[in-house]
Amino acid sequence: LLTKKCLFPQDYKGQKLAEQIFQGIILVSAVIGFIYGYITEQFGWTVYIVMAGFALSCLLTLPPWPMYRRNPLKWLPVQESGTEEKKAADRKPKRHSKS
């Protein structure tokens, strides 16, 4: 049975926000890394800065922070079925007519 605890740590708007934050940090770190690496003529610094941006974006977007759960989905209440399911033993076997 499902409990009232949320199974998904983010809602749809939270997923969109996390994706925008992730892409923004990666883009900014790539631009900064490229410019700094070009000025210092060291490609290694470009890689380090992009990796630091990736680590920062993972830290900000992967954990289920409360800012990603501001718009929870409204689920319908559970409804009980009025008919009971028949057991396999209670069913009459179907007879196939010979053609």
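The structure this text deals with has already been given above.
Residues numbered from 1 in each chain as written. Predicted model: local features only at pLDDT ≥ 70, side-chain atom pairs only at ≥ 80, totals over all residues. Heavy atoms only, no water.

**Some details on the packing of aromatic side chains**
The following threshold applies: Note on aromatic pairs: the rings of Phe, Tyr and Trp (six-membered ring only in Trp) are paired at centre separations within 6.5 Å, and the planes decide the class, stacked below 30 degrees, edge-to-face beyond 60, tilted for the rest. Numbering of helices and strands runs from the N terminus, with a helix taken as a DSSP run of H or I at least four residues long and a strand as a DSSP run of E at least two residues long. The rule is simple: take the accessible area with a 1.4 Å probe, protein chains only, and divide by the maximum for that residue type; under 20% is buried, over 50% is exposed, in between is partly exposed.
Inspection of every chain in the model, using the stated rule, returns 4 aromatic pairs. Between Phe 34 and Tyr 38, the ring centres sit 6.3 Å apart and the planes meet at 20 degrees, which makes this aromatic pair stacked. One end of the pair, Phe 34, and the other, Tyr 38, are both in helix α1 (residues 12–40), 4 residues apart, so they sit about a helical turn from each other. No difference in accessibility class separates Phe 34 from Tyr 38, as the two residues are exposed. Through a chain of ring-to-ring contacts, the aromatic side chains of Tyr 36, Trp 45 and Tyr 48 assemble into a single cluster.

**Topic: helix α2 (residues 43–61)**
Here is the rule: The length a helix should cover is 1.5 Å for every residue beyond the first. What makes two residues a contact is simply this: any of their non-hydrogen atoms within 4.5 Å.
The end-to-end C-alpha distance of α2, which contains 19 residues, comes to 27 Å, matching closely the 27 Å that a straight helix rising 1.5 Å per residue would cover. Within α2, the full set of buried residues consists of Thr 46, Ile 49, Gly 53, Ser 57, Cys 58 and Thr 61. On its buried face, α2 sits against α1.

**Thoughts on the side chain of Thr 46**
What counts is decided by this rule: What qualifies as a polar contact is a pair of N or O atoms within 3.5 Å, subject to a donor-acceptor requirement within protein and to the restriction that residues adjacent in sequence count only when both atoms come from side chains.
Within the fold, Thr 46 resides in helix α2. Separated by 2.9 Å, the side chain of Thr 46 and the backbone oxygen of Gly 33 make a polar contact. Excluding residues within four positions of it along the chain, Thr 46 makes contact with Gly 33, Phe 34 and Gly 37.

**Here's the deal with unusual backbone geometry**
Notably, Glu 41 is not glycine yet its phi reads approximately 55 degrees, a positive angle. With respect to the secondary-structure elements, Glu 41 resides in the loop between α1 and α2.

**Concerning α1**
Look at α1: 42 Å from first C-alpha to last across 29 residues, which is about the 42 Å you get at 1.5 Å a residue. The complete set of buried residues in α1 reads Gly 14, Ala 18, Ile 25, Ser 29, Gly 33 and Gly 37. A distance of 3.2 Å separates the backbone nitrogen of Lys 13 from a side-chain oxygen at the start of α1, and that oxygen is part of Asp 11. Following α1 by one or two positions, Glu 41 has its phi on the positive side, about 55 degrees.

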